[in-house]
Amino acid sequence: NEGIWRCLKMLDTYGVKGTFFTPSYVLEHYPEAAAAIHKAGHEIAYHGILHEPERYNSREDESAKMEQAESVIERITGRRPAGHRAPHSTLHPEAFSLMRERGYLYSSNLRDCDYAYLHEAEAGESPLVELPTDVVLDDFTYYYYSCAIEPGHRIAFTNREYINMLREEFDGVAAEGDKIMVLKFHPALIGRPGRIKRLGDFIGYMQQQGAWITTCEAVARYVLAHTEGGHPQ
């Protein structure tokens with residue numbers, strides 16, 4: 001849809017690189033958009049195949065699913081994905097073990113705090129960074145509307161209300177000084193003309209305040225480079 005192209009144009013206008021957690025089915029069926037995302041220097045990360053929230057499949061089946069999706073991303077980007085976000089935030093019981101086994105750098109799945117950290121690891125295991133987010137920072141929470149699910153409808157927030165909320169969250173995080181803010185956007189929602197204009201204004205505001213806005217992979221690598229005893233310094 002038009003939303004992805006509006007998002008790419010806005011990010012380019014502000015010189016910002018982002019992370020696109022994208023199901024491999026979408027990448028395969030919209031090759032022009034997938035190629036444009038990669039060519040613009042954005043990160044493409046794991047998000048399942050069909051956005052399927054599978055929690056009770058076997059470890060072997062989950063690993064095979066990850067392999068299939070990773071192979072699609074590798075064909076587009078030339079390398080395997082560094083980051084993992086489970087579809088519907090439905091983590092498989094073996095998710096973190098599989099991430100380490102399959103060479104992931106970071107997870108962005110949990111909602112437990114506002115700072116990055118390392119998952120506990122056994123001796124010899126590779127470090128795995130967690131970049132938490134929150135439903136408060138997800139445009140789906142404010143803009144999604146459907147008559148096909150219960151409850152029968154949701155009231156969409158105005159663009160002004162939504163961006164003002166994000167700005168208040170940013171100001172609070174910035175005041176604390178040692179936190180991250182992992183924003184979650186869906187191009188089909190945020191990519192409306194008025195919404196993307198508001199989001200661009202907000203990005204400009206954050207830049208004026210000195211925020212470092214970058215990909216999840218860049219943040220995870222920074223965390224690893226500045227971590228001692230499991231806690232970022």
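Keep in mind it's a predicted model, so treat the numbers as computed, not measured. (Residues numbered from 1 in each chain as written. Predicted model: local features only at pLDDT ≥ 70, side-chain atom pairs only at ≥ 80, totals over all residues. Heavy atoms only, no water.)

Draft legend 1. Spatial organisation of the layout of surface pockets. There is about 160 Å³ of room inside the second largest pocket. Lining the second largest pocket are Arg6, Lys9, Met10, Thr13, Tyr14, Ile196, Lys197, Gly200 and Asp201. Only helix H1 (2-14) and helix H9 (193-208) provide two or more residues apiece to the lining of the second largest pocket. For the lining of the second largest pocket, the leading source of residues is H1, giving 5 residues. Grouping the amino acids of the lining of the second largest pocket by side-chain chemistry returns 3 nonpolar, 2 polar and 4 charged. (1 Å grid on protein atoms, 1.4 Å probe; cavity = no way out; pocket = protein on both sides within 12 Å on 5 of 7 lines; lining within 4 Å. Points joined across faces, edges and corners; volume = space filled by probe spheres on them. Helix = DSSP H or I, 4+ residues; strand = E, 2+ residues; numbered from the N terminus. Nonpolar A, V, L, I, M, F, W, Y, C, P; charged D, E, K, R; others polar.)

Draft legend 2. The packing of aromatic side chains, seen in detail. For the structure shown, the criterion picks out 10 aromatic pairs. Their ring planes at 80° and their centres at 6.4 Å tell us that Phe21 and Tyr106 sit as a pair that is edge-to-face. Here Phe21 is found in strand E1 (residues 19-21), whereas its partner Tyr106 is found in strand E4 (residues 106-107), with 85 residues between them in sequence. Look at Tyr106 and you get buried, because its relative accessible area is 0%. Both rings, one in Tyr143 and one in Tyr162, keep their centres 5.0 Å apart while their planes meet at 65°; by these two values the pair is edge-to-face. Of this pair, Tyr143 sits in helix H6 (residues 140-143) while Tyr162 sits in helix H7 (residues 159-176); the two residues are 19 residues apart in sequence, bridging distant segments of the chain. (Phe/Tyr/Trp six-rings, centres within 6.5 Å; stacked < 30°, edge-to-face > 60°. Buried < 20%, exposed > 50% of the residue type's maximum accessible area, 1.4 Å probe, protein only.)

Draft legend 3. Up close: the sheet that holds E4. Strands sit in the order E3-E4-E6-E5 across an open sheet of 4 strands; the sheet is mixed. At either margin of the open sheet sits one strand with a lone partner, and together these are strand E3 (83-84) and strand E5 (117-118). When E3 meets E4, the two strands line up parallel, connected through 2 bridges. Counted as the bridge partner of His84 is Ser107 from E4. (Pairing = 2+ DSSP bridges.)

Draft legend 4. View of the pattern of salt bridges. Applying the stated criterion across every chain, the model contains 18 salt bridges. With a closest N to O distance of 3.7 Å, Lys65 and Glu54 form a salt bridge. Residue Lys65 is found in helix H4 (residues 59-77), and its partner Glu54 is found in the loop between strand E2 (43-45) and H4; the two are separated by 11 residues along the sequence. Among the residues examined, Lys65 registers a relative accessible area of 7% and is labelled buried. (Salt bridge = Lys/Arg side-chain N within 4 Å of Asp/Glu carboxyl O.)

Draft legend 5. Spatial organisation of H9. The terminal C-alpha atoms of H9 lie 23 Å apart, and with 16 residues this matches the ideal 22 Å at 1.5 Å per residue to within 8%. Every buried residue of H9 is listed here: Arg195, Ile196, Leu199, Gly200, Phe202, Ile203, Gly204, Tyr205 and Met206. Each element contacted by the buried residues of H9 is listed here: H1, H6, H7 and helix H8 (187-190). Immediately downstream of H9, the backbone of Gly210 shows phi near 90°, a positive value. (Expected span 1.5 Å × (residues − 1). Contact = heavy atoms within 4.5 Å.)

Draft legend 6. Layout of unusual backbone geometry. Backbone geometry at His51 places phi at a positive 60°, although glycine is not the residue there. Structurally, the position occupied by His51 is in the loop between E2 and H4.

Draft legend 7. Inspection of the side chain of His42 at higher detail. Note that His42 resides in the loop between helix H3 (31-39) and E2. Here the side chain of His42 touches Gly18 through a polar contact of 3.0 Å, landing on its backbone nitrogen. When sequence neighbours within four positions are dropped, the list of residues in contact with His42 reads Leu8, Leu11, Val16, Lys17, Gly18, Phe20 and Ile37. (Polar contact = N/O pair within 3.5 Å; in protein donor to acceptor, adjacent residues only side chain to side chain.)

Draft legend 8. Structural view of the environment of His42. On the basis of relative accessible area, His42 is assigned to the buried category, the value being 6%. Residues His42 and Phe20, 22 residues apart in the sequence, show an inter-C-alpha distance of 7.2 Å.

Such coordinate-based values are descriptive only and should not be taken to indicate function.
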